[in-house]
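Close look at the chain arrangement
Listed below are the residues making up each chain.
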Amino acid sequence: MISSSVPLLGFAAYSGTGKTTLLEALLPKLTQAGLRIGVLKHAHHDFDIDKPGKDSYRLRHAGASQMLIASRLRFAKITETPESEPAFEQLIKQFNQDELDLILVEGCKNIAFPKIELHRQPTGKPWLYPNDAEIIAIASDTHCDAELPQLNINDIDSIALFVIDYVQSMSKRVSKIKVEGASCDSFAHPNTLSVEEARQRIVSAVRAVADSETVDLKDAGQRILSDNVTSTIDVPAFRNSAMDGYAIAYNDLCAGRWQIVGQVLAGHGFEGNIAAGQAVKIMTGAPIPAELDTVIMREEAVEQDGYVSFPNAHISAGQNVRHPGEDLKMGQPVFAKGQLIQSPEQGMLAALGLKRISVLRPLKVAIFSTGDEVFEPGSKISTSGLYDANRYSLRGLLQQQRCELLDMGILPDDPEKIRQALEEMSGHADLILTSGGVSVGDADYVKQVMQSLGHIELWKINMRPGRPLAFGSIHQTPIFGLPGNPVAAMVSFIQFVQPAIAKMQGQTHWQPMSAVAVAEVELRSKQGRTEFTRGIYQVNDHGQFTVKSTGHQGSALLHSMSQANCLIEIGPHIDTIKAGESVTIIPLQGRI
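This section reports on the structure supplied with the text. (Residues numbered from 1 in each chain as written. Predicted model: local features only at pLDDT ≥ 70, side-chain atom pairs only at ≥ 80, totals over all residues. Heavy atoms only, no water.)

For the protein, the helix and strand inventory stands at 11 helices and 38 strands. Counting across all 592 residues of the protein, residues that qualify as buried make up 47%. Residue pairs in contact within the protein that sit at least 24 positions apart in sequence constitute 68% of those at least 6 positions apart. With the model as given, the accessible surface of the protein reaches about 29500 Å², and the carbon-plus-sulfur share is 50%. (Helix = DSSP H or I, 4+ residues; strand = E, 2+ residues; numbered from the N terminus. Buried < 20%, exposed > 50% of the residue type's maximum accessible area, 1.4 Å probe, protein only. Contact = heavy atoms within 4.5 Å. Areas by Shrake-Rupley, 256 points an atom, 1.4 Å probe, with all protein chains shown as cover.)

Here it is, written out as structure tokens:
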């Protein structure tokens, strides 16, 4: 949620509709009515508001990342953003809302907030309102079937009156505008489910496994903690040096030079007493003698004839000293149940002295393929057959999720054998996964058997690839029937099976991986569905992600999936992403 103390109102339209011209005519009428207006204009290209040769231009191009220009009449702040495009929320926060009654937004049609759609029939562009629930009115040169207020795009007075009424109705309360960015899956066709709706239904229907086991810490990587972990010791346990150097007493600083009376190595202590004007050479991690409290790094020391001095060092009391419990104190909570154990967590658990740790047992996933036309790789294939690519792709995805596989191989198009296999798997597996056989064909027996044994729903998802999806349960065991096309099966796994597995594994803070990239080329989609395009992203000279598609996007083209290192997610209300515009990507490294 983004908080705004003044109403927000956008003007959404395709290029060529005349947004700027309309706003230019509208603004004087709104200001004459007494409204104080802020305007956010989103540009799809690079721009410069400063003139070459001006002092501010020269200073900015000399390296100033933020440039504030001020005079008696106005001030302007120019901020360079080479790393990434600013978020919508961040841009709205730049306005001094205490001095405004309304913020108008030109562009940003891919963001979910209240808008007036501008439409001119000669442009030949499609309507936006069927796929954007945030459009509150339409200003057009033609009538449409929308059950929304409709205004004449050439009647600026009527548009101004609508805006004034909108401000008066909205200003009675603080506006809370939900921003979903470019992934706005809330605009789904009413006859099907959006990606987000399907994902939420699935995740809410599955439960985490409760069984745990104790494993050696060295084998606990990528496992999930089954209990909370509390520190039983102070970390570090004793006062020690943070680097190689010389330990002194800070109160001796006037000595100028110190007699070296010994050396303390890590794992060893110093025996004896230390008098004023004396120091010890000390190594990283070694305990600091009780009489000393400050360590100067070796690089700042000059050692000669058994004495050490620090002629150019800036010395502060207690520097480079680690204190007991500085990292963790005894009794302090360390990790909560559901924590994924990765290398930092393994190291921290080792620092607590824990040799064995309690983790949730691996999720058991049964997987199989069906079809008389499907053959095992390496076997003799018929002239009308194909090798079983889906099961191997899904196996790889499940192994990435650290699941224990129960591979049932390939089942023939025989309802009784499918029934027997599903009955058996439902008694041994935590989750059942298959692909194909869940459509409306005469030999799509998997769906029939699933429905006879348990509860199953066949959903049409507003996405491409991966429109058909079966989900349900057999004897309380969740089951997924993924699409038969290889790419569709993998994309559906990433969108629906992966979050279900994360919850069933007990991960309490799992979030899907995504990032924002700049499109290198124009990307097209069909409005009304979420498009997942196979893409290749890279990092440009400014440290930004840029992305392009792998080319032809057929659902059966598995080779393009191996070429891709990301999926490009195009929301259902978007038909075109122009080169230079931002788009959401889902990186695939570590997932495929």
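Strand order in the open sheet made by the six strands is β17-β14-β16-β15-β19-β18, with mixed pairing throughout. Two strands bound the open sheet, and with one partner strand each, they are β17 (294-297) and β18 (302-304). Taking the axes of each pair of neighbouring strands and ignoring which way they run, one obtains an average angle of 40° across the sheet. In terms of strand pairing, strand β14 (residues 245-248) meets β17 through four bridges, oriented antiparallel. (Pairing = 2+ DSSP bridges. Axes fitted to C-alpha atoms, helices over the stretch in contact; angles between N-to-C directions.)

What the rule picks out here adds up to six aromatic pairs. Taking the centre distance of 6.1 Å and the plane angle of 35° together, the rings of Trp459 and Phe471 count as tilted. Of this pair, Trp459 sits in strand β28 (residues 455-460) while Phe471 sits in strand β30 (residues 468-474), placing them 12 residues apart in sequence. Residue classification places Phe471 among the buried positions, given a relative accessible area of 7%. Between Phe471 and Phe480, the ring centres sit 4.9 Å apart and the planes meet at 45°, which makes this aromatic pair tilted. Judged by relative accessible area, which is 0%, Phe480 ranks as buried. (Phe/Tyr/Trp six-rings, centres within 6.5 Å; stacked < 30°, edge-to-face > 60°.)

Below, the discussion takes up the pairing of strand β8 (residues 135-140). Within β8, five of the six residues are buried, which leaves it mostly tucked inside the rest of the structure. Bridge count between strand β7 (residues 115-119) and β8: five bridges; the pairing is parallel. In the sheet register, His119 faces β8, and the bridge partner there is Ser140. Looking at chain direction, β8 and strand β9 (residues 150-152) are connected through three bridges and run parallel. When the bridges of β9 are listed, Ile138 appears paired with Gln150.

Mapped onto the fold, Asn251 is located in the loop between β14 and β15 (257-264). Judged by its relative accessible area of 72%, Asn251 is exposed. C-alpha of Asn251 to C-alpha of Leu292: the two residues are 41 residues apart in sequence and 9.3 Å apart in space.

As a further point, take helix α10 (residues 486-504). The largest bend along α10 measures about 45° and falls at Phe493. Burial within α10 is extensive, with 18 of its 19 residues counted as buried. After α10 finishes, the residue Gly506 shows a positive phi value of roughly 95°. (Bend = angle between axes of the 7 residues up to and from the residue.)

By secondary structure assignment, the location of Ile410 is in strand β26 (residues 404-411). According to the relative accessible area criterion, Ile410 is partly exposed, its value standing at 25%. Sequence spacing of Ile410 and Phe375 is 35 residues, and the spatial spacing of their C-alpha atoms is 7.6 Å. If we skip the residues at most four places from it in the chain, Ile410 touches Ser369, Gly371, Val374, Phe375, Glu376, Asp388 and Arg391.

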